[in-house]
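# Results of the structural survey
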Amino acid sequence: MACGVSLNFVRLLFGLILLTFGTFANAACVINAENGTSDTDSDSALSIVLKEGAQRLSLSCDVNATHVLYFPRNYLSYNQLYDSEMQKVPKLTGAFESYAIDNTHKRLFLDINSQVERPVRLNIATLNDFQTLASIHTFTLSLFIGFCLALTLYVGMLGTSMRNYGFYSYSFYVLSAAIFFLLQEGLLNIAFPHVAFFSNFKLHLLFAGITVFAAVKFLEQLLDFKALLKVWQRQFILGMACSALALSFVQIILSTSDAMRVNSTLSLITLITMTCTLSSCVYAAYRKVHCSNLVLMGIAVMVFSMMFRLVFSDVSAFMYRYGLIVGITIEAFIFAIATSRKVKKLDDDRLSAFKRASTDSLCKVLNRSGWEGIAQSLLTNFNKEGGYLTLLFIDVDNFKEINDQYGHHCGDKVLQVIAKILLSRCRDQDAVGRLGGDEFVVLSHCYSEGQSERLAARIEASLLERDIRTDNVVISVTASVGTYITNERCKDLTTLLNKADKLMYSVKEKHKTAQLASS
């Protein structure tokens, strides 16, 4: 069984290589349309312009073995192939509308009901070639859809965890593009072969408009059009995108002929919108906006892939057929990288802004508001996980006399040294802050009483008596430390501060008594 799976995979890979770098050999078959507007591309392909509504095509085909007649089912409400005796030819299941024919089918009749006037390409291939083609089609589309859905879910979950709109706009764009191509390429018809709704022209047009709107909203968010463009420029682009979205919804309730007219208008609006958006991306790259080069790279990949459809159609059958899908897959991956970098930059900017707003400008520790925010988080975590909470309230002894005797410049130097001592004695996860003046606080969540006591002992020993060198003089400094250690849950930070503050004043009174005794 494993050998059979491996052999099938090798066949699929070999067929993919053939399709990528060349075309299958023409089938030994000639098909001709005896009515309707047609253009014979080769012995095994015929392009026919279908009229809107029901019609019958008369075909003549000469095959010497079993072949498959196949064509896309987009915008077809009904189709059925009959032999010369008007007996139904059984349909094959798959992403294409397909019928198996043999040398008994010299004359065929194809009844088609087309929702709109459109060209359709009738193809005939040998059974083996068709099976390889169908496998490659399903394999390629499944990879594309799976990749898009994986990116959508992964990036969407990142957006949920980080609460960032940029992730959601990316997921919306990739998901809408995936659904559009899922419908356009008929992959749903494999799972639901009898559901004609998935081939509906209006449904495809709806997701085309949604994809255009999602692309513009995503790029507007990623490149920050609000800051990059003038107000009227940004409003014009967003207005055109919203118009495309509105028209795609409005056409659902219209007749098919009116929906076709809406499609023409939507195509024009899409062209204008994407031209303006591309110009904005080029301008963003010129202004060196963050991630703009990645955006241009993704767009360049899409343009290059479209060239296989418009210019290099004879270079590769695979790229002609699937170039746009390959392009949007690579583009989606590049845009995912751009989105992650953009969001990281925004988060870094927010973190920097928070640090600036919450850091004491003199001592480079947390200011009062910053410390209270971090301390509340530590307190919440302690209440959930337990352990020991250690709060130290530090006050420099005789700080007013230091300022009066040596000047405020020396007093500031003393505070800076005290702050450095506290930071060096604490862990990165501990909250070290300055409440104001010469008052400092340290809050630490420890997982054992011994750990809490060792932290307090390190800080108390470091501040018991310290000679601090300033520009002109060496100042002998002591600080009173009130240490409060508890393993009881408490949600009130103020209560903890008051308890530590009272302990600090008890220590300060002892220091004063000791100084008086020594003098």
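Here is a short report on the structure shown in this document. (Residues numbered from 1 in each chain as written. Predicted model: local features only at pLDDT ≥ 70, side-chain atom pairs only at ≥ 80, totals over all residues. Heavy atoms only, no water.)

## As for the sheet that holds strand E13 (residues 439-446)
Rule in force here: At least two DSSP bridges between two strands are needed for those strands to be called paired. Helix numbering and strand numbering both begin at the N terminus, where a helix is a DSSP run of H or I of at least 4 residues and a strand a DSSP run of E of at least 2. To get an axis, a line is fitted to the C-alpha atoms, and for a helix only the part in contact is used. The angle between two axes follows their N-to-C directions and goes from 0 to 180 degrees.
Reading across from one edge, E12-E13-E11-E16 is the order of the 4 strands in this open sheet, with antiparallel pairing throughout. Each of the sheet's edge strands pairs with one partner strand only, and the pair in question is strand E12 (431-436) and strand E16 (479-486). Between one strand and the next, the sheet's axes are offset by a mean angle of 20 degrees, whatever the strand orientation.

## Points about the side chain of Ser114
Selection criterion: The buried label goes to any residue with under 20% of its type's maximum accessible area, the exposed label to any with over 50%, and the partly exposed label to all in between, with areas taken from a 1.4 Å probe on protein chains only. Whenever a nitrogen or oxygen atom comes within 3.5 Å of another N or O atom, the pair is scored as a polar contact, on the condition that within protein one atom can donate a hydrogen and the other can accept it, and that pairs from neighbouring residues in sequence are kept only if both atoms are in side chains. Note on definitions: a residue-residue contact is assigned when non-hydrogen atoms from the two residues lie within 4.5 Å.
Here Ser114 is to be found in strand E9 (residues 107-114). Among the residues examined, Ser114 registers a relative accessible area of 1% and is labelled buried. Polar side-chain contacts of Ser114 include one of 2.4 Å to the backbone oxygen of Val116. Among residues more than four places away in sequence, those in contact with Ser114 are Leu50, Lys51, Glu52, Gly53, Gln55, Tyr75 and Leu76.

## Remarks on the nonpolar core
Selection criterion: Within this scheme, the nonpolar core is defined by two criteria: the residues are buried Ala, Val, Leu, Ile, Met, Phe, Trp, Tyr or Cys, and they are joined through side-chain atoms within 4.5 Å.
With 56 residues, the main nonpolar core has Phe144, Tyr170, Tyr173, Phe218, Val295, Ile328 and Phe335 as its most contacted residues. Elements with a minimum of two residues in this core: helix H2 (127-162), helix H3 (165-184), helix H5 (201-222), helix H6 (225-228), helix H7 (231-250), helix H8 (256-286), helix H9 (292-310) and helix H10 (317-358). Every residue in contact with Phe144, bar those within four places of it in the chain, is listed here: Ala178, Phe181, Ile325, Ile328 and Thr329. Counting residues in each nonpolar core, the second largest holds 27 residues, with Val365, Val414, Leu415 and Val477 among its members.

## Quick look at the packing of aromatic side chains
Spelled out, the test is: In this analysis, rings of Phe, Tyr and Trp, with Trp reduced to its six-membered ring, are considered paired at centre separations within 6.5 Å, and the interplanar angle assigns stacked below 30 degrees, edge-to-face beyond 60, and tilted for intermediate values.
What the rule picks out here adds up to 12 aromatic pairs. Taken together, a centroid distance of 5.2 Å and an interplanar angle of 85 degrees make the contact between Tyr75 and Phe201 edge-to-face. Of this pair, Tyr75 sits in the loop between strand E5 (67-71) and strand E6 (76-82) while Phe201 sits in helix H5, placing them 126 residues apart in sequence. Put simply, the rings of Tyr170, Tyr173, Phe218 and Phe335 touch in pairs and so form one group of aromatic residues.

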